[in-house]
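Read off the chains here:
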Amino acid sequence: MKKYKAHAQDLIDFIYESPSPYHVVENAKQKLLNAGFKALKLTEKWDLKPKENYFVTQNGTSLFAFTMGSGNVEENGFKIIAAHSDSPTFKIKPSPEINVADRYLKFNTETYGGPILNTWLDRPLSIAGRVSVASKNVLQPNNHLVNFTKPLVVIPNLPIHFNRKVNEGIALNKQVDMLPVTTVISEKLNTENVLAELISKEINVKVEDILEVDLNLYHHTKGSIIGLNNEFINSGKLDDLAMVHAGLTAFLNKSKSKATNVLAIFDNEEVGSRSKQGAGSPVLKDILKRIVAIQNKNEEDVQRAYYNSFMISADMAHALHPNHTDKHDPVNKPIINSGPVIKIEGNQKYTTDSDSSAVFEMLCKKAKIPYQKFVNRSDMLGGGTLGNVSAGQLAIRSVDVGNPMWAMHSVCETSGVKDHTLISEAFSEFYKL
Ligand SMILES: [Zn+2]
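Quantities reported herein were computed from a predicted structural model and do not represent experimental measurements. Position numbers for residues start from 1 in each chain and track the written sequence from start to end. This being a predicted model, a pLDDT of at least 70 is required before a residue's local features are given, and a value of 80 or more before pairs of side-chain atoms are given or counted; all residues contribute to the totals for chains, interfaces and linings. Neither water nor hydrogens contribute to the side-chain values; these are computed over all heavy atoms in the structure.

Description of the overall build of the chain
By definition, any uninterrupted DSSP run of H or I lasting at least four residues is a helix, any uninterrupted run of E lasting at least two residues is a strand, and each is numbered from the N terminus. The helix and strand tally for the chain stands at 10 helices and 20 strands. In this treatment the radius of gyration is a C-alpha quantity, and the globule benchmark scales as 2.2 Å times the residue count to the 0.38 power. A globule of 433 residues ought to have a C-alpha radius of gyration of about 22 Å, and the chain, at 22 Å, matches this closely. Buried residues are those whose accessible area, probed at 1.4 Å on protein chains only, stays under 20% of the maximum for their type, while exposed residues exceed 50% and partly exposed ones sit between those limits. Burial status across the chain gives 52% buried among its 433 residues. Long-range contacts, defined here as pairs at least 24 residues apart, represent 77% of the contacts in the chain between residues at least 6 apart. All accessible areas in this document rest on Shrake-Rupley with a 1.4 Å probe, and a residue is counted as covered only by the protein chains that are shown. Here the chain displays about 19,900 Å² of accessible surface, and carbon together with sulfur accounts for 50% of that area. His is not counted here, nor are the chain ends, while Lys and Arg score as positive and Asp and Glu score as negative. Charge positions are represented by NZ for Lys, CZ for Arg, CG for Asp and CD for Glu. The distance from the centre of the 49 positive side-chain charges to the centre of the 47 negative ones in the chain is 5 Å. Contacts between residues were defined by any pair of non-hydrogen atoms, one from each residue, lying within 4.5 Å.

Observations regarding the coordination of the zinc ion
Because no water is among the atoms considered, metal sites can look incomplete, with donors defined as N, O and S atoms within 2.8 Å of the metal, or 3.2 Å for Na, K and Ca. Bound to the zinc ion are the protein donor atoms H84 (NE2), D239 (OD), D315 (OD) and D315 (OD), situated 2.0 to 2.6 Å from the metal. Square planar and octahedral assignments, for four and six donors respectively, both demand that opposite donors be over 155 degrees apart and that all other angles lie between 65 and 115; tetrahedral needs four donors with all angles between 85 and 135 degrees, and anything else is irregular. For the zinc ion, the four donor atoms in the first shell make angles of 54 to 143 degrees at the metal, a pattern classed as irregular. Of the residues examined, H84 reaches a relative accessible area of 0% and is grouped as buried. Under the relative-accessibility criterion, D239 is labelled buried at 2%.

Quick notes on the pairing of strand β5 (residues 89-100)
Two strands are said to pair when DSSP picks up at least two bridges between them. As defined by bridge partners, β5 adjoins strand β6 (residues 104-112) across eight bridges and the pair is classed as antiparallel. When the bridges of β6 are listed, F90 appears paired with T111. Taking the residues that link successive antiparallel strands as the turn, the β5-β6 hairpin has three residues, and the phi of A101 there is positive, at about 50 degrees.

Some remarks on the sheet that holds strand β13 (residues 260-266)
Read from one edge to the other, the open sheet built from nine strands follows the order β1-β2-β3-β13-β4-β14-β18-β16-β17, with strand pairing classed as mixed. Looking at the sheet topology across the chains shown, the edges are occupied by β1 (38-40) and β17 (372-374). Taking the axes of each pair of neighbouring strands and ignoring which way they run, one obtains an average angle of 25 degrees across the sheet. Inspection of the sheet shows β1 paired to strand β2 (residues 53-58) by three bridges, in the parallel sense. The residue of β2 that forms the bridge with L40 is V56. In this description, a line fitted to the C-alpha atoms serves as the axis of each element, helices being fitted only across the stretch in contact, and the angle between N-to-C directions of two axes falls anywhere from 0 to 180 degrees. Its contacts with the sheet place helix α5 (residues 238-251) against β3 (62-67), β4 (78-84), β13, β14 (310-314) and β18 (397-402), and it is angled at close to 150 degrees to β4.

Some remarks on the pattern of salt bridges
A carboxyl oxygen of Asp or Glu within 4 Å of a side-chain nitrogen of Lys or Arg is what we treat as a salt bridge. Counting across every chain of the model gives 14 salt bridges. Note that K297 is salt-bridged to E74, the shortest N-O span being 3.1 Å. Of this pair, K297 sits in the loop between α6 (283-293) and α7 (299-307) while E74 is found in helix α3 (residues 73-76), placing the two residues 223 residues apart along the sequence. Among the residues examined, E74 registers a relative accessible area of 9% and is labelled buried. Among the ionic pairs, E299 bridges to K289, the shortest N-O distance being 3.6 Å. Taken together, the residues E299 in helix α7 and K289 in helix α6 connect sequence positions 10 residues apart.

Some points on unusual backbone geometry
Trans is the common state for peptide bonds, and a negative phi is the common state for residues other than glycine. Residue D240 is reached from D239 by a cis peptide bond, and omega for that bond is 10 degrees. Tracing the backbone through its elements, the reader meets D240 in helix α5. Of note, N204 is a non-glycine position whose phi angle comes to about 60 degrees, a positive value. Along the chain, N204 turns up in the loop between α4 (194-203) and β10 (210-219). With a phi close to 70 degrees, Q348 is a non-glycine residue in the positive phi region. A relative accessible area of 47% means that Q348 is categorised as partly exposed.

As for the packing of aromatic side chains
Stacked, tilted and edge-to-face are the three classes assigned to paired rings of Phe, Tyr and Trp, where Trp is represented by its six-membered ring and a pair needs centres within 6.5 Å; plane angles under 30 degrees give stacked, over 60 edge-to-face, the rest tilted. Considering all chains together, one arrives at nine aromatic pairs under this definition. Here the aromatic rings of F90 and W120 are separated by 5.1 Å at their centres, their planes lie at 80 degrees, and the arrangement is edge-to-face. Taken together, the positions of F90 in strand β5 and W120 in the loop between β6 and β7 (125-133) put the pair 30 residues apart, joining distant regions of the chain. In this pair, the class of F90 matches that of W120, namely buried. Put simply, the rings of F37, F251, F310, F430 and Y431 touch in pairs and so form one group of aromatic residues. By definition here, charges over rings are those cases where NZ of Lys or CZ of Arg is within 6 Å of the ring centre and within 35 degrees of the ring normal. Of note, K79 hangs over the ring of F430, and the distance from its end group to the ring centre comes to 5.8 Å. Positioned over the ring face of W46 is R290, at 4.0 Å from the centre of the ring.

Concerning the sheet that holds strand β15 (residues 317-318)
Remark on secondary structure: sheet strands pair via backbone hydrogen bonds, oriented parallel or antiparallel. Spatially, β11-β12-β20-β19-β15 is the arrangement adopted by the five strands of the open sheet, whose pairing is mixed. Of all strands in the sheet, those bounded by a partner on one side alone are β11 (224-226) and β15. One ladder, built from two bridges, connects β15 with strand β19 (residues 404-406); its direction is parallel. Considered in β19, the bridge of H318 is made with M405. Sheet strands touched by α5: β12 (232-235), β19 and β20 (413-416). Its angle to β20, the strand with the most contacts, is close to 35 degrees. On the sheet, helix α10 (residues 417-432) packs against β11, β12, β19 and β20 and is oriented at approximately 65 degrees with respect to β20.

Description of the pairing of β13
Regular strands have side chains that alternate between both faces of the sheet. Among the seven residues that make up β13, seven are buried, leaving the element largely enclosed by the rest of the structure. By the alternation rule, side chains of β13 split into T260, V262, A264 and F266 and N261, L263 and I265, which are all buried. Bridging between β3 and β13 involves five bridges; their strand directions are antiparallel. From the neighbouring strand, L63 faces β13, where its bridge partner is I265.

This is how it looks when you write it as structure tokens:
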């Protein structure tokens, strides 16, 4: 139990230190560097050595790490675990300051992905992400990571007295109800450049040099372990940083294998993966192809390597809800702390088929890990994930798995302490194959 708790706490710490996809990748990068992985750049020539460990990033929000396999790459292929770095949130719009009747200052935002809007109300929120600053090279602005690390804004609810029907359910308007307020306007305040001035102080650059930002709101409160027997993890962004963390934990064991082990952390899953750093882009395919080509192999070898590969698409799953058991399939109802969930959908929103499911099931049996299955109620539309998007680029065998959780896309989600260790162990076993 102690082992489970320590691993869950490590996840909570990782999430707290990763308030934006840029920070997710930066933290993963630091862990890989500390473990002796070598950093490569997509723009530079690679020199890969057998059995060595490498990683490369794209846009600062996607990361691909790999350990060169000891076998022939065209025969042993790649063993890939994929997860995503982004989560539903609100992004700061350009010139974000909105003056409210010369009394309050709020920031203009747009919704990113599909957050459960009401969970973001009345929380201490902060801001983090990337800031792009003018440089001497027009094609290469200076990009800085920013995290204000203190609660800066709040999105206040209406009091029940102004909205007596609030508990009967209300539609929140993204442009009206969801704007965060940051301060009471005083005479000293220059209301036009509040955010730029904050950034300028934070990263020590001139206000006029700050050109554009990619900043998101985040719940500033750190996650915690809760429940009668300390069995639940309650935190923001478990979807999908729990799978990023589990994949990273397994990958950092540097298991030796004939296959080339790969950890792929994609951005933009929450908005359909169609960006240069998303699972819908050719970035992973390019990297795999390059790993094969560099070993003096030909195009046929590249294709053989793909078709000898296997991918675990790791994204969180829905656990049986204690207040809405009716929302689930009558038979397959994943329970928290009962092990990883294999996600199945006949219409191919998940990549799992009987062959790839059997692989994951044998893997779990080998590692003595319990597992469960998820299918949607036949009259409910479920969500998609990385695997089926990635399949548009790479036609390789793939299974969709994840840990069971409640309240997916709430600002504060809940998953299982024990499950986190179990799936990390399943992933470790996969890399050892
Ligand atoms: Zn997800």
